[in-house]
Amino acid sequence: MKPAFTLGRMNHLGYAVPDMDAAIAHYRDVMGASVVTEPFDMPEQGVKVCFVHTPGNGEDGNGTAGTQVELLSPLDGNSPVAGFIAKNPLGGQHHVCFEVPDIEEARAYFDGIGKRILGPTRIGAHGTPIFFVHPKDMMGMLTEIMETPEETH
Ligand code: CO
């Protein structure tokens, strides 16, 4: 029997960082990342965001694009990431993000089995719709569900 939900590709891991410039320097200079995107602000989420690419097996579009690390730093004291940094001053893993083919179907699935969804479905940092599921319903992990972006098909 086909399961009601199928685990999709891990799109990214979200890491909260207290200092974006220091985090970028770490991934470039210590970890040898060759692609780190320019940071940009997402004021509605209260965060500055950038992506560190890890290699995949299909950068030519025929395989799987590499998973990313999403670096998140708070824009102000009100952002949820600011609360995370207050508890974890060095930063750390904030969330995990899995792709789904259809965001509405996925939302209806999690909702239907009683998982608490945090807020409305909205456009995420990749420009595709996302929502978050409460860590208390997800084995302690804040889980982002994202409709698969075009460039990773
Ligand atoms: Co994310």
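Provided above is the structure to which this section pertains.
In this report, the structure presented in the accompanying data block is examined. Just so it is clear, the structure is predicted and the values come from calculations on it, not from any experiment.

1. Regarding the coordination of the cobalt ion
Okay, step 1: At the metal site, the cobalt ion is ligated by His 12 (NE2), Glu 70 (OE), His 95 (NE2) and Glu 144 (OE), and these contacts range over 2.0 to 2.1 Å.
Okay, step 2: Around the cobalt ion sit four donor atoms; with metal-centred angles ranging over 84 to 174 degrees, the donor geometry is irregular.
Okay, step 3: Taken in sequence order, the residues that donate to the cobalt ion follow the motif H-x57-E-x24-H-x48-E. Here the residue Glu 70 occupies a position in strand β4 (residues 68-74), and Glu 144 occupies one in strand β8 (residues 143-147), the gap between them amounting to 74 residues.

2. Topic: the nonpolar core
Okay, step 1: Counting 11 residues, the largest nonpolar core consists of Val 17, Met 20, Ala 23, Ile 24, Tyr 27, Ala 33, Val 36, Cys 50, Val 52, Val 69 and Leu 71.
Okay, step 2: When residues of this core are traced back to their parent elements, those giving at least two are α1 (20-30), β3 (47-53) and β4.
Okay, step 3: Counting residues per element, this core draws most heavily on α1, which supplies four residues.
Okay, step 4: Those residues in contact with Val 17 that sit more than four places away from it in its chain are Ala 23, Leu 71, Leu 72, Ser 73, Pro 74 and Ile 85.

3. Points about the pattern of salt bridges
Side chains that differ in sign of charge can pair as their charged atoms come close.
Okay, step 1: On inspection of all chains with the given rule, the structure shows three salt bridges.
Okay, step 2: In this structure, Arg 9 and Glu 99 form a salt bridge, with 2.5 Å as the shortest nitrogen-oxygen distance. Highlighted residues: Arg 9 in the segment before β1 (10-16) and Glu 99 in strand β5 (residues 92-100), separated in sequence by 90 residues.
Okay, step 3: For Glu 99, a relative accessible area of 5% translates into the label buried.

4. Let's talk about helix α2 (residues 80-87)
Okay, step 1: Buried within α2 are the following residues: Val 81, Ala 82, Phe 84 and Ile 85. Around the axis of α2, the buried residues are gathered within 160 degrees of arc, so they sit on the same side. Seen from the open side of α2, the exposed residues pointing more than 90 degrees away from its buried face are Pro 80, Ala 86 and Lys 87.
Okay, step 2: Residues of α2 that are buried make contact with β1, β3, β4 and β5.
Okay, step 3: Two or three places before Val 81, at the start of α2, stands the capping residue Ser 79, its side-chain oxygen 3.0 Å from that residue's backbone nitrogen.

Thresholds, definitions, all that
- Residues numbered from 1 in each chain as written.
- Predicted model: local features only at pLDDT ≥ 70, side-chain atom pairs only at ≥ 80, totals over all residues.
- Heavy atoms only, no water.
- Donors = N, O, S within 2.8 Å, 3.2 Å for Na, K, Ca; no water.
- Tetrahedral: all angles 85-135°; square planar, octahedral: opposite > 155°, others 65-115°.
- Helix = DSSP H or I, 4+ residues; strand = E, 2+ residues; numbered from the N terminus.
- Core = buried A, V, L, I, M, F, W, Y, C linked by side-chain atoms within 4.5 Å.
- Buried < 20%, exposed > 50% of the residue type's maximum accessible area, 1.4 Å probe, protein only.
- Contact = heavy atoms within 4.5 Å.
- Salt bridge = Lys/Arg side-chain N within 4 Å of Asp/Glu carboxyl O.
- Arc of directions from axis to C-beta.
- Polar contact = N/O pair within 3.5 Å; in protein donor to acceptor, adjacent residues only side chain to side chain.

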